[in-house]
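# Chains, contacts and geometry: an overview
The lines below spell out each chain.
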Amino acid sequence: MLGAITNFFDRMVRRYLPDAFLFAIILTFVVFILGMIFTGSSPVNMVKYWGGGFWGLLEFAMQMSLIVVTGYILANSPIVKKILGRISKLANSPGQAVLLVTLVASIACLINYGFGLVVGALLAIHVAKRVPSADYRLLMASAYSGFLLWHGGLSGSIPLSIATDNHMLIEEIGIVPVSETLFGGPNLFIVGTLLLTLPLLNRLLMKSARNVGQIDPELLNLQQKVMEIEEEEPETIKSVTPAERLENSRIISLLIGILGLAFVLYHFVSKGFDLNLNIVNFIFLFLGILFHGTPRRFLNSVSGAVKNAGGIIIQFPFYAGIMGMMTSSGLSEQLSMFFVNISNEVTLPWLSFISAGILNFFIPSGGGQWAIQGDIMMSAAMNLGADIPKTAIAVAWGDAWTNMIQPFWALPLLAIAGLKVRDIMGFCVMVLFFSFIPISIGLLLF
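Residues numbered from 1 in each chain as written. Predicted model: local features only at pLDDT ≥ 70, side-chain atom pairs only at ≥ 80, totals over all residues. Heavy atoms only, no water.

- Under an unreviewed UniProt entry, the protein has the name Short-chain fatty acid transporter and belongs to Ornithinibacillus massiliensis.

This is the structure in structure tokens:
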């Protein structure tokens, strides 16, 4: 039965799922029509809402792009790549390959989702070289399935946001520390359960695959083609001018890297365990500078990183436009209030998770979703006497949950893999169905 269901969804998405950019355009038209039907907004107003919101998330889009870029840079450093090469030696069979890629990608996404996406893709390529009989599409789907855990980890935008000063709901709920969200009982249960069971699920999906998608030999060179860095030692590079000597100087990278890490140390000493989006980007950026050794190697890696962020950069304004229509027309409020109206103090977190999962189709951004849902769900939690930290983390898990079938965040991984969204999404549908169970248990029973 598992094989039949997996093959069915695999056939459906490979046949009907469009490119991620077209997916965003289709969603634009869907929200445009829904706004007119359910809110009574005129076509002129919907156009105004769309255009007015189109550039509304530029700051957040820059933060998200930098997370992908800095995670890419760090994952592409010689130190990290050597580590991945050694880790790949733990896999000696297709089953072990799937288990290994899923586990490592999940842990990496808990640390930082941009880093995790790139590490997962790179490790999958390393493992495919070692175990060429493995299903390449499933390896990449396994790497992407680790992304399910990101919003319960150290780069989760919602728990980090409400743990910082001057967040948008500071007057309503105050500062909610990560000890009550990321390190609270519900989140720890969900993360722990998924870490243990996702690798086993993907291993079962391997058995259900009808046709083994072995890696194309041309794709085995993607790591070098897509993420190429300068391998020569600085001493062997002919540096003629003072500028070239600076570009290949280890001292420059060491000094600026130490300066950056000194600020990171000061930040944690003065503010405690404050892992907001900016400090996460800061840490990965300066570790990347240090690990690449010279400015020239670092800049070579940046070139590849920016290319992989291109799809995100061009699509984010479209999703901001969708968010503008959802917000200004009142459609997102209607959706959220529908779930609030059928909730009580026990069920609100779980129903917040469901509503956030639906909304994530149209706004695949944790921060963007929180800007829309945060006030509604926190007000409902206070009025119903529900657990505020649990409700917030529930919205975060809703955002992460339907990312398994929302292609937006798969773009960096797919760019490295040389695959299309439809190549992995059939497997990801199964991950979506399975993960609903432990997430629901964590939000209802803990």
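### Observations regarding the overall build of the protein
- Broken down by element type, the protein carries 23 helices and 0 strands.
- Against the 2.2 N^0.38 benchmark of 22 Å for 446 residues, the protein shows a C-alpha radius of gyration of 22 Å, consistent with a compact globule.
- Its C-alpha atoms give the protein principal-axis dimensions of about 70 × 55 × 45 Å.
- Taken over 446 residues, the protein has a buried fraction of 57%.
- With an accessible surface of roughly 18,400 Å², the protein has 67% of that area assigned to carbon and sulfur atoms.
- The positive charge centre, built from 25 side chains, and the negative charge centre, built from 25, are 13 Å apart in the protein. (Helix = DSSP H or I, 4+ residues; strand = E, 2+ residues; numbered from the N terminus. Rg over C-alpha atoms; globule rule 2.2 N^0.38 Å. Buried < 20%, exposed > 50% of the residue type's maximum accessible area, 1.4 Å probe, protein only. Areas by Shrake-Rupley, 256 points an atom, 1.4 Å probe, with all protein chains shown as cover. Lys, Arg positive; Asp, Glu negative; His and termini not counted. Charge placed at Lys NZ, Arg CZ, Asp CG, Glu CD.)

### Comments concerning the nonpolar core
- Within the largest apolar cluster, 141 residues are counted, with the highest numbers of intra-cluster contacts made by Leu139, Met140, Tyr144, Phe147, Trp397 and Trp409.
- When residues in this core are grouped by element, the largest group, 12 residues, is from helix H7 (residues 113–130).
- Those residues within four positions of Met140 in sequence are excluded, and the remaining contacts are Ala121, Ala124, Ile125, Leu413, Ala417, Leu419 and Ile424. (Core = buried A, V, L, I, M, F, W, Y, C linked by side-chain atoms within 4.5 Å. Contact = heavy atoms within 4.5 Å.)

### Describing the confidence of the model for the protein
- Confidence in the prediction of the protein, expressed as mean pLDDT, is 84, and 91% of residues score 70 or more.
- Overall, residues 222–236 carries pLDDT values under 50, and its contacts beyond four positions in sequence, including any with other chains, amount to 45 contacts. (pLDDT = per-residue confidence, 0-100.)

### A look at the pattern of salt bridges
- Tallying each qualifying case throughout the model produces 1 salt bridge.
- Salt-bridge contacts for Glu247 lead to Arg296; the nearest nitrogen and oxygen are separated by 3.4 Å. Here Glu247, found in helix H13 (residues 242–247), pairs with Arg296, found in helix H16 (residues 295–308); they are 49 residues apart in sequence, far enough to count as distant.
- Glu247 gets classed as partly exposed once you look at its relative accessible area, which sits at 31%.
- Accessibility expressed as a relative area gives 27% for Arg296, which makes it partly exposed. (Salt bridge = Lys/Arg side-chain N within 4 Å of Asp/Glu carboxyl O.)

### Concerning the packing of aromatic side chains
- Taken as a whole and assessed by the stated rule, the structure comprises 19 aromatic pairs.
- Aromatic side chains Tyr144 and Phe147 sit 5.6 Å apart centroid to centroid with 25° between the ring planes, which places their arrangement in the stacked category. Of the two residues, Tyr144 and Phe147, neither departs from the other in class, the shared state being buried. (Phe/Tyr/Trp six-rings, centres within 6.5 Å; stacked < 30°, edge-to-face > 60°.)

### As for the environment of Gly368
- Looking at the secondary structure, you find Gly368 in helix H20 (residues 366–384).
- Once the C-alpha coordinates of Gly368 and Leu384 are considered, the two residues, 16 residues apart in sequence, prove to be 25 Å apart.
- If we ignore the near neighbours within four places in the chain, the residues touching Gly368 are Phe60, Met323 and Ile363.

### Quick notes on helix H8 (residues 136–145)
- Burial analysis of H8 places 10 of its 10 residues in the buried class, which makes it a mostly covered element.
- Of all the positions in H8, only Tyr136, Arg137, Leu138, Leu139, Met140, Ala141, Ser142, Ala143, Tyr144 and Ser145 are classed as buried.
- Backbone nitrogen of Arg137 and a side-chain oxygen of the N-cap are separated by 3.0 Å at the start of H8; the cap is Asp135. (Polar contact = N/O pair within 3.5 Å; in protein donor to acceptor, adjacent residues only side chain to side chain.)

### Regarding the state of the cysteines
- Evaluated as defined, the whole model comprises 0 disulfides.
- For the unlinked cysteine Cys109, the closest cysteine sulfur is that of Cys428, found at 12 Å.
- Classification of Cys428 by relative accessible area gives buried; the value is 1%. (Disulfide = S-S within 2.5 Å.)

### A closer look at the packing of H20 against helix H21 (residues 388–401)
- For the pair H20 and H21, interaxial distance at closest approach is 10 Å and the crossing angle is 150°. For the element pair H20 and H21, the recorded crossing hand is right-handed. Across from Gly366, Gln369, Trp370, Gln373, Met377, Met378, Ala381 and Met382 in H20, the residues of H21 making contact are Ile388, Thr391, Ala392, Val395 and Asp399.
- Among the residues forming the contact of H20 with H21, the class breakdown is 8 nonpolar, 4 polar and 1 charged. (Axes fitted to C-alpha atoms, helices over the stretch in contact; angles between N-to-C directions. Left-handed = near helix turned anticlockwise from the far one by under 90°. Nonpolar A, V, L, I, M, F, W, Y, C, P; charged D, E, K, R; others polar.)

### A word on a nonpolar patch on the surface
- Taken together, the side chains of Ile437, Ile441, Leu444, Leu445 and Phe446 make up a nonpolar region of the molecular surface, amounting to roughly 470 Å² of accessible area.
- The topology assignment puts Leu444 in helix H23 (residues 421–445). (Patch = residues over 30% accessible without salt bridge, like charges linked within 9 Å, V, L, I, M, F, W, Y side chains within 5 Å.)

### Considering the environment of Ile372
- Mapped onto the elements of the fold, Ile372 is located in helix H20.
- Relative accessible area serves as the criterion here: at 9%, Ile372 is assigned to the buried category.
- Between the alpha carbons of Ile372 and Pro199 there is a distance of 34 Å; along the sequence they are 173 residues apart.
- Apart from residues lying up to four places away in sequence, Ile372 is in contact with Met323, Thr327, Ser332, Leu359 and Ile363.

### Considerations on H7
- Spanning 18 residues, H7 covers 25 Å between terminal C-alpha atoms, matching the ideal 26 Å at 1.5 Å per step.
- In terms of burial, H7 is a largely internal element, 16 of the 18 residues being buried. (Expected span 1.5 Å × (residues − 1).)

### Let's talk about the side chain of Asn281
- One can find Asn281 in helix H15 (residues 277–292).
- Classification of Asn281 by relative accessible area gives buried; the value is 8%.
- One polar contact links Asn281 to Thr70, side chain to side chain, over a distance of 3.3 Å.
- Each residue touching Asn281, except ones within four places of it in the same chain, is listed here: Gln63, Leu66, Ile67 and Thr70.

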